[in-house]
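Here's the letter readout for the chains.
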Amino acid sequence: MESLQQKILTEGKVLSDSVIKVDAFLNHQVDPVFMQSVGEAFATRFAGAGITKILTLESSGITPAVMAGLSLNVPVIFARKRKSLTLHDNLYSADVYSYTKNESSQISISQDYIHHDDVVLVIDDILANGQAALGMIELIEQAGAALEGIGIVIEKGFQEGGNILRKRGIRVDSLATIASLENSQVTFQEEGPI
Ligand code: 5GP
């Protein structure tokens, strides 16, 4: 997605050879008009796949997921990283390890919102080592629902997540794939179709 690549180049900040900050439009401040076009891009790619639910993880996945849900006209569920007063039983839960924080956390969704007859699209902001995506897949498996694919706003192609998921036969569609962040320079992989 050309406009996303431009946004990353103009508003992203390379923090190291492996980390990019995109707080200006995705992770802190949100550009709603631009994010609507991100949602439309996911909807175009997954149109006709029979998606009935979108699953994401709080908090940064929520914006692209809601925009995709708006375009596909399906409900969006965000997995919670902490149990709350109102979310504590009848849960599906999975552990997610964060390499950046060097800690595991448990993510959960209520059993009320994903069922065995659902066809689920997972959406997330950034794909790095794939642990968040694997956690969400585990929740879908616990619900007995079908995983249609994973839509990612920014994939870091030099990290393992994409490989791990694609080797499992999972469809992973990333709107922009970063090949390298070396020398404070963002280089993209070739764009796929659309
Ligand atoms: P994974 O589970 O794929 O290793 O990491 C996924 C999550 O880690 C993303 O949803 C994002 O919140 C965070 N993350 C990983 N790498 C980066 C990065 O380079 N920049 C930002 N802003 N977040 C990242």
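Residues numbered from 1 in each chain as written. Predicted model: local features only at pLDDT ≥ 70, side-chain atom pairs only at ≥ 80, totals over all residues. Heavy atoms only, no water.

1. As for the UniProt feature "binding site: xanthine" (unreviewed entry) in the protein
Here comes step 1: The positions UniProt marks with the feature "binding site: xanthine" (unreviewed entry) are Asn27 and Lys156.
Here comes step 2: Residue position: asparagine 27 is located in helix α2 (residues 23-27).
Here comes step 3: Aside from chain neighbours lying at most four places away, what touches asparagine 27 is Val22, Ser60, Asp125 and Ile126.
Here comes step 4: Position of lysine 156 relative to the elements: it lies in strand β8 (residues 146-156).
Here comes step 5: Classification of lysine 156 as buried rests on a relative accessible area of 9%.
Here comes step 6: Not counting chain neighbours up to four residues away, the residues in contact with lysine 156 comprise Ser18, Val19, Ile126, Leu127, Ala128 and Ile178. (UniProt positions renumbered as here; feature names shortened; annotations may be inferred. Helix = DSSP H or I, 4+ residues; strand = E, 2+ residues; numbered from the N terminus. Contact = heavy atoms within 4.5 Å. Buried < 20%, exposed > 50% of the residue type's maximum accessible area, 1.4 Å probe, protein only.)

2. As for the nonpolar core
Here comes step 1: Of all hydrophobic cores here, the largest spans 29 residues; its most connected members are Leu4, Ile8, Val38 and Ile54.
Here comes step 2: Contributing elements (two or more residues each) for this core: α1 (2-11), α2, α3 (32-46), α4 (62-72), β7 (119-127), β8 and β9 (172-180).
Here comes step 3: Here this core gets 6 residues from one element, more than from any other, and that element is α3.
Here comes step 4: Here valine 38 is in contact with Met1, Pro64, Val153 and Leu175, once residues within four sequence places are set aside.
Here comes step 5: Core analysis: the second largest hydrophobic core is formed by 26 residues, Tyr92, Ile114, Val120 and Ile170 among them. (Core = buried A, V, L, I, M, F, W, Y, C linked by side-chain atoms within 4.5 Å.)

3. Some points on α3
Here comes step 1: Its 15 residues give α3 an end-to-end C-alpha distance of 21 Å, which sits within 8% of 21 Å, the value for a rise of 1.5 Å per residue.
Here comes step 2: Inspection of α3 places Phe34, Met35, Val38, Gly39, Ala41, Phe42, Ala43, Arg45 and Phe46 among the buried residues, and these make up the whole buried set.
Here comes step 3: As for α3, its buried residues are in contact with α1, α2, α4, β7, β8 and β9.
Here comes step 4: Following α3 by one or two positions, glycine 48 adopts a phi angle in the positive range, close to 80°. (Expected span 1.5 Å × (residues − 1).)

4. A short note on the sheet that holds strand β10 (residues 187-188)
Here comes step 1: As summarised here, the arrangement of the 6 strands in space is β4-β3-β7-β8-β9-β10, forming an open sheet in which the pairing is mixed. The outermost strands of the open sheet, each flanked by one partner alone, are β4 (76-79) and β10.
Here comes step 2: Pairing of β8 with β9 involves 6 bridges; the strand directions are parallel. Of the residues in β9, the one forming a bridge with glycine 151 is aspartate 173.
Here comes step 3: Against the sheet, α4 engages β3 (53-57), β4, β7 and β8, with an angle of about 170° to β3. (Pairing = 2+ DSSP bridges. Axes fitted to C-alpha atoms, helices over the stretch in contact; angles between N-to-C directions.)

5. Re the site of the ligand
Here comes step 1: Among the 14 residues in the neighbourhood of the ligand, the closest are listed as Ile20, Asp125, Asn129, Gly130 and Lys156.
Here comes step 2: At 2.6 Å from a nitrogen atom of the ligand is found a main-chain nitrogen or oxygen belonging to isoleucine 20.
Here comes step 3: Note that an oxygen atom of the ligand is positioned 3.1 Å from one of the backbone N or O atoms of glutamine 131.
Here comes step 4: Starting from 510 Å² of accessible surface for the ligand in isolation, the protein chains cover 79%.
Here comes step 5: Of all the elements in the fold, those that place two or more residues in the shell around the ligand are β7 and α5 (131-143).
Here comes step 6: For the shell around the ligand, the element with the highest residue contribution is β7, accounting for 4 residues.
Here comes step 7: The residue makeup of the shell around the ligand, split by class, is 6 nonpolar, 5 polar and 3 charged. (Near = heavy atom within 4 Å. Polar contact = N/O pair within 3.5 Å; in protein donor to acceptor, adjacent residues only side chain to side chain. Areas by Shrake-Rupley, 256 points an atom, 1.4 Å probe, with all protein chains shown as cover. Nonpolar A, V, L, I, M, F, W, Y, C, P; charged D, E, K, R; others polar.)

6. Some words on the pattern of salt bridges
Here comes step 1: A full pass over the atoms with the stated rule returns 8 salt bridges.
Here comes step 2: Residue aspartate 173 is joined to arginine 45 by a salt bridge in which the shortest nitrogen-to-oxygen separation is 3.7 Å. With aspartate 173 in strand β9 and arginine 45 in helix α3, this residue pair connects regions lying 128 residues apart in the sequence. Grouping residues by exposure puts aspartate 173 and arginine 45 together as buried.
Here comes step 3: Glutamate 155 is paired through a salt bridge with arginine 166; the nearest N and O atoms lie 2.9 Å apart. (Salt bridge = Lys/Arg side-chain N within 4 Å of Asp/Glu carboxyl O.)

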